[in-house]
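# Survey of secondary and tertiary structure
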Amino acid sequence: MKNHMKKQDKAKMYRGVLDVADFELGHTLGSGQCFRWGRDVDGWWKGIAYGVAIHLKQDESGLQFCASSESVSTYAGEMDLSEFLRWYLRLDEYPRFRVSRDDKYLRQARDLMKGLRFVRQDPFECIISYVLSVQAHMTLTKRRINLIARTVGHPVDFDGKRYWAFPIPDRVATLDGQFF
């Protein structure tokens, strides 16, 4: 298993490449399970997770990444960036989806989505995302989640762009009912 990471001092950017097998970044981040990721015109998936701005791109060399921090604080503890990405994207797990032999449509869907992983999203952000997504389409949910982050989260400047970390519950509690 190859994990390469180097620090780019002047830009406060941490880069690396991870070996990945049986993984599909587009299926994982574009599946609608999390709302803070988007694919840019340059082919990079850009987003923020656990307060760290991250850019990801999968190609024949592996999973390329660059981020605003070399370590990430999660509910499972502090992790270096490579370890975090392996954990967050579940790169070392291969999910098994059990489907009835009689259901050819579900089997076909499962086969089309090979490489999909369920990310380990911050639990509080996941709950709020779910609540805001009820009877709303994905674009509106993304806007709502990002509005909360911009309103009471803290900024993370990275690669010439400003991202917003999702706030802690106490900060969300400061919003009144008119906000929503």
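Figured I'd write up the structure that's included with this text. No experiment lies behind these values; they were computed from the predicted model shown.

With that settled, consider the packing of aromatic side chains. Tallied over the full model, the rule gives 9 aromatic pairs. Between the aromatic rings of Trp37 and Tyr88, the centroid separation amounts to 6.5 Å while the plane-to-plane angle is 40 degrees, which identifies the pairing as tilted. With a gap of 51 residues between them, Trp37 in strand E3 (residues 37-39) and Tyr88 in helix H2 (residues 81-88) connect regions that are remote in the sequence. Between Tyr50 and Tyr88, the ring centres sit 6.3 Å apart and the planes meet at 90 degrees, which makes this aromatic pair edge-to-face. In this pair, Tyr50 sits in the loop between strand E4 (45-49) and strand E5 (52-59) while Tyr88 sits in helix H2, placing the two residues 38 residues apart along the sequence.

This part is about a nonpolar patch on the surface. Taken together, Ile127, Tyr130, Val131 and Val134 make up a surface patch of nonpolar side chains, about 420 Å² in accessible area. Within the secondary structure, Val134 is located in the loop between helix H4 (123-133) and helix H5 (138-152).

Here the focus is the pattern of salt bridges. A complete count under the given rule lists 7 salt bridges for this structure. Linking Asp40 and Lys46 is a salt bridge whose minimum nitrogen-to-oxygen distance equals 2.9 Å. A relative accessible area of 33% means that Asp40 is categorised as partly exposed. Lys46 sits in the buried class, given a relative accessible area of 15%. A salt bridge links Glu93 to Arg90; the shortest N-O distance between them is 3.2 Å. Accessibility expressed as a relative area gives 25% for Arg90, which makes it partly exposed. Taken together, the salt bridges that share partners define one network made up of Asp40, Asp42 and Lys46.

Cut-offs and rules
Residues numbered from 1 in each chain as written. Predicted model: local features only at pLDDT ≥ 70, side-chain atom pairs only at ≥ 80, totals over all residues. Heavy atoms only, no water. Phe/Tyr/Trp six-rings, centres within 6.5 Å; stacked < 30°, edge-to-face > 60°. Helix = DSSP H or I, 4+ residues; strand = E, 2+ residues; numbered from the N terminus. Patch = residues over 30% accessible without salt bridge, like charges linked within 9 Å, V, L, I, M, F, W, Y side chains within 5 Å. Areas by Shrake-Rupley, 256 points an atom, 1.4 Å probe, with all protein chains shown as cover. Salt bridge = Lys/Arg side-chain N within 4 Å of Asp/Glu carboxyl O. Buried < 20%, exposed > 50% of the residue type's maximum accessible area, 1.4 Å probe, protein only.

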